[in-house]
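Fold and contact review
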Amino acid sequence: MSDFSPHTYVAILAGGGGTRLWPQSRRRRPKQFLPLLPGGETLLGATVRRTLALCPIERTLVVTAASQVEEVRQTVPDLPEGNILVEPIGRNTAPCIGLAALFLSRRDPQAVLAVLPSDHHIGDEPAFIRVLAAALSAAREGHVVTVGIRPTRPETGYGYIQVAGPDPAGEAGLYLVKAFVEKPDRDQAAAYLSAGTYLWNSGMFFFSAARILRELRTHLPALSDLLDELREHPERTAARYPQAPAISIDYAVMEKLGTGRAKNDLDAAAAIRVIEGDFGWNDVGSFAALADLHPGDPDHNHVLLDPVGPGDGGLAPKPVLLRSSGNIVWASTGQLVSTIGISDLVITVTEDAVLIMPREKAQEVRDVVDVLSHGGGERYL
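Only a predicted model underlies this, so the values are computations on that prediction, with no experimental measurement involved. (Residues numbered from 1 in each chain as written. Predicted model: local features only at pLDDT ≥ 70, side-chain atom pairs only at ≥ 80, totals over all residues. Heavy atoms only, no water.)

1. Quick word on the overall build of the protein chain
The line we're drawing: Helical segments are the DSSP runs of H or I of at least four residues, strand segments are the runs of E of at least two, and each set is numbered from the N terminus. The quantity called the radius of gyration is restricted to C-alpha atoms. Its globule counterpart is 2.2 Å times the number of residues to the power 0.38. Partly exposed describes any residue whose relative accessible area lies between the buried limit of under 20% and the exposed limit of over 50%, with all areas from a 1.4 Å probe on protein chains only and scaled to the type maximum.
The number of helices and strands found in the protein chain is 10 helices and 18 strands. Taken over C-alpha atoms, the radius of gyration comes to 21 Å for the protein chain, in line with the 21 Å a tight globule of 381 residues would show. In terms of principal-axis extent, the alpha carbons of the protein chain reach across some 60 × 50 × 45 Å. When the 381 residues of the protein chain are sorted by exposure, 54% land in the buried category.

2. Considering the pairing of strand S7 (residues 160-166)
Selection criterion: Whether two strands pair depends on DSSP finding at least two bridges between them.
Summarising the sheet, S7 and strand S8 (residues 174-181) pair through six bridges and their orientation is antiparallel. Note that in S8 the partner of Ile161 across the bridge is Phe180. Bridge count for S7 against strand S9 (residues 198-208) is three bridges, and the pairing is antiparallel. Each residue of the ladder has a partner; that of Gln162, found in S9, is Tyr198.

3. So, helix H4 (residues 125-140)
Stated formally: The span one expects for a helix is its residue count, reduced by one, times 1.5 Å. Pairing of N or O atoms within 3.5 Å defines a polar contact, subject to two protein rules: one partner must be a possible hydrogen donor and the other a possible acceptor, and residues neighboring in sequence count only if both atoms are side-chain atoms.
Compared with the 22 Å implied by 1.5 Å per residue over 16 residues, the 22 Å span of H4 between its first and last C-alpha is a close match. Those residues of H4 not exposed but buried are Ala127, Phe128, Ile129, Val131, Leu132, Ala133, Ala135, Leu136, Ala138 and Ala139. Capping of H4 at its N-terminal end is provided by Asp124; its side-chain oxygen lies 3.2 Å from the backbone amide nitrogen of Ala127. Gly142, located one to two residues past H4, shows a positive phi value of around 105 degrees.

4. Re the packing of aromatic side chains
The cut-off we apply is this: Here the aromatic set is Phe, Tyr and Trp, taking the six-membered ring for Trp, and pairing holds for ring centres within 6.5 Å; pairs whose planes are under 30 degrees apart are stacked, those over 60 apart are edge-to-face, and all others are tilted. Each ring is checked for a lysine NZ or an arginine CZ that lies within 6 Å of its centre and within 35 degrees of its normal; such an atom marks a charge sitting over the ring.
Under the definition given, this model contains seven aromatic pairs. Ring geometry for Tyr158 and Trp281: centres 5.1 Å apart, planes at 65 degrees, overall edge-to-face. Of the two residues, Tyr158 is situated in the loop between strand S6 (145-149) and S7 and Trp281 in strand S11 (residues 281-282); the sequence distance between them amounts to 123 residues. Each residue in the set Tyr158, Trp200 and Trp281 is aromatic and connected to the rest through ring pairs, giving one cluster. Over the face of the ring belonging to Phe128 we find Arg50, whose NZ or CZ atom lies 5.4 Å from the ring centre. Its end group placed over the ring of Tyr9, Arg59 keeps NZ or CZ at 5.9 Å from the ring centre.

5. Notes on the side chain of Ser332
Stated formally: Here, residues are in contact when the closest pair of their heavy atoms is within 4.5 Å.
If you trace the backbone, Ser332 turns up in the loop between strand S15 (328-331) and strand S16 (338-340). Of note is the side chain of Ser332, whose polar atom sits 2.6 Å from the side chain of Gln24. The contact partners of Ser332, leaving out residues within four places of it in the chain, are Gln24, Asp306, Val308, Ala316, Val349 and Thr350.

6. With respect to the side chain of Glu155
Its place among the elements puts Glu155 in the loop between S6 and S7. We classify Glu155 as buried; its relative accessible area is 12%. A distance of 2.7 Å separates a polar atom in the side chain of Glu155 from the backbone nitrogen of Gly157. Once you skip the residues sitting within four places of it in the chain, Glu155 turns out to touch Tyr160, Pro184, Ala189, Trp200 and Gln363.

7. Comments concerning the nonpolar core
Put simply, the rule reads: For the purposes of this section, nonpolar cores are sets of buried Ala, Val, Leu, Ile, Met, Phe, Trp, Tyr and Cys residues that join through side-chain atoms within 4.5 Å.
Leu44, Met204, Phe206, Phe279 and Trp281 are the most contacted members of the largest nonpolar core, which totals 46 residues. Not counting residues up to four positions away in its chain, the partners in contact with Phe206 are Leu113, Ala114, Leu116, Leu132, Ala135, Leu136, Ala139, His143, Val144, Val145, Thr146 and Val147. With 43 residues, the next largest nonpolar core counts Leu61, Ala94, Leu199 and Leu257 among its residues.

8. So, the packing of helix H3 (residues 93-107) against helix H7 (residues 221-232)
Definition in use: Orientation is described by axes fitted as lines to C-alpha atoms, over the contacting stretch for helices, and by angles from 0 to 180 degrees between their N-to-C directions. Working rule for handedness: look at the near helix, and if it is turned counterclockwise from the far one by less than a right angle, call the crossing left-handed; if clockwise, right-handed.
Across the interface, H3 lies against H7 with an axial gap of 10 Å and an inter-helix angle of 35 degrees. Remark: the crossing between H3 and H7 carries right-handed chirality. Seen from H3, the contacting residues are Ala94, Pro95, Gly98, Leu99, Leu102, Ser105 and Arg106; seen from H7, they are Leu223, Leu227, Leu230 and Arg231.

9. Notes on the pattern of salt bridges
Filter applied, for reference: Salt bridge, as applied in this entry: a Lys or Arg side-chain nitrogen positioned within 4 Å of an Asp or Glu carboxyl oxygen.
A full pass over the atoms with the stated rule returns 18 salt bridges. Across the pair Asp167 and Arg273 runs a salt bridge, and its minimum N-O distance is 3.1 Å. With Asp167 in the loop between S7 and S8 and Arg273 in strand S10 (residues 273-277), the pair connects residues that are 106 residues apart, well separated along the chain. Residue Arg273 is classed as buried on the basis of its relative accessible area, which comes to 3%. Linked through salt bridges whose partners overlap, the residues forming this network are Glu41, Arg49 and Glu125.

10. Observations concerning the sheet that holds strand S18 (residues 354-358)
Across the sheet, four strands lie side by side as S12-S15-S17-S18; this open sheet has mixed pairing. Both outer strands of the open sheet, strand S12 (302-305) and S18, are each paired with one neighbouring strand and no more. On average, adjacent strands in this sheet sit at an angle of 5 degrees to one another, irrespective of strand direction. Taken together, the five bridges between strand S17 (residues 345-349) and S18 define a ladder with antiparallel strand orientation. Counterpart to Leu345 in the pairing with S18 is Pro358.

11. A short note on a nonpolar patch on the surface
Rule in force here: A patch consists of residues whose relative accessible area exceeds 30% and which take part in no salt bridge; residues with like charges are grouped when within 9 Å of each other, and nonpolar side chains (Val, Leu, Ile, Met, Phe, Trp, Tyr) when within 5 Å. Note on areas: Shrake-Rupley, 1.4 Å probe, and residue coverage restricted to the protein chains presented here.
Taken together, Val320, Leu322, Leu336 and Ile340 make up a surface patch of nonpolar side chains, about 360 Å² in accessible area. The topology assignment puts Leu336 in the loop between S15 and S16.

Purely spatial values, then, with no claim about function.
This is the structure in structure tokens:
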């Protein structure tokens, strides 16, 4: 599949901090820029490479923080300089997407865009491209579309999408969204899994630039007013953008478009559509997720070795794991990591920080980041 529409664009959101992979992921070099995929590919690089099947690099936009522009340039050297859209300050995904839609609407009033996170891994890329092509096709018809992932476990780290039923227009593979649901507790996640009508929220969205700007006008007028000002005076972006409301696109718009939240019980014209995706999706949202990306040894230990200079192929030394099983080890220094008789731990070593925790606690890394943020540990972030 190749460039199938001259008005198709991809907007990749690459400004996140990736705190759940601290200390490997830092503010200036968060997880999307790390060589954590097999072969040393970065998540951002893989995202751009995949989307070239949908549109050329000239119509790929990367939205990032000012402090990460150089990382984007190094990671995607073929990206035109004008296609790096810089947020003066992070204000969550609604302002970020609004800024991208404004930028593209000036370039092409008929622009239809796929908004994709920069930090997800896709196992089955041909299936992924087929789903994205279908989502973009529906977006060209005027719909707002998202992709939901069929749950395989009672996951508490993801938001969910409740499906209302098939698209009444009869378009194959499209369903109406009833509601977006916050991250549940364990019991609620188990109930969602057994119900069979809930999908994981992938954070991928598809719409025309004109449609999302209209929705922002309706549901978040404060942001819409600011975008209108920036359309006329782009030179004010650095000064005015920090005043944008800090809110996610899910809260600001998507939750308002579910059929269960509409004024009518089934407002099919306005409702968001969802396509179920089954393509080996992994949001790499914790160290535990790395086990799915890197093969384990006979004892189910999973090892990542970063480039560190001269040595064993220029990589960090291979750990010595004696009578140890089920561990995830990520080494980014020349120091040798060795273990004896331990199981099911995450061990990650950088030049200035070491983190050790049970794999089952992988979602709690942010607690360390919070302590450092409020306790004088800024230099480690």
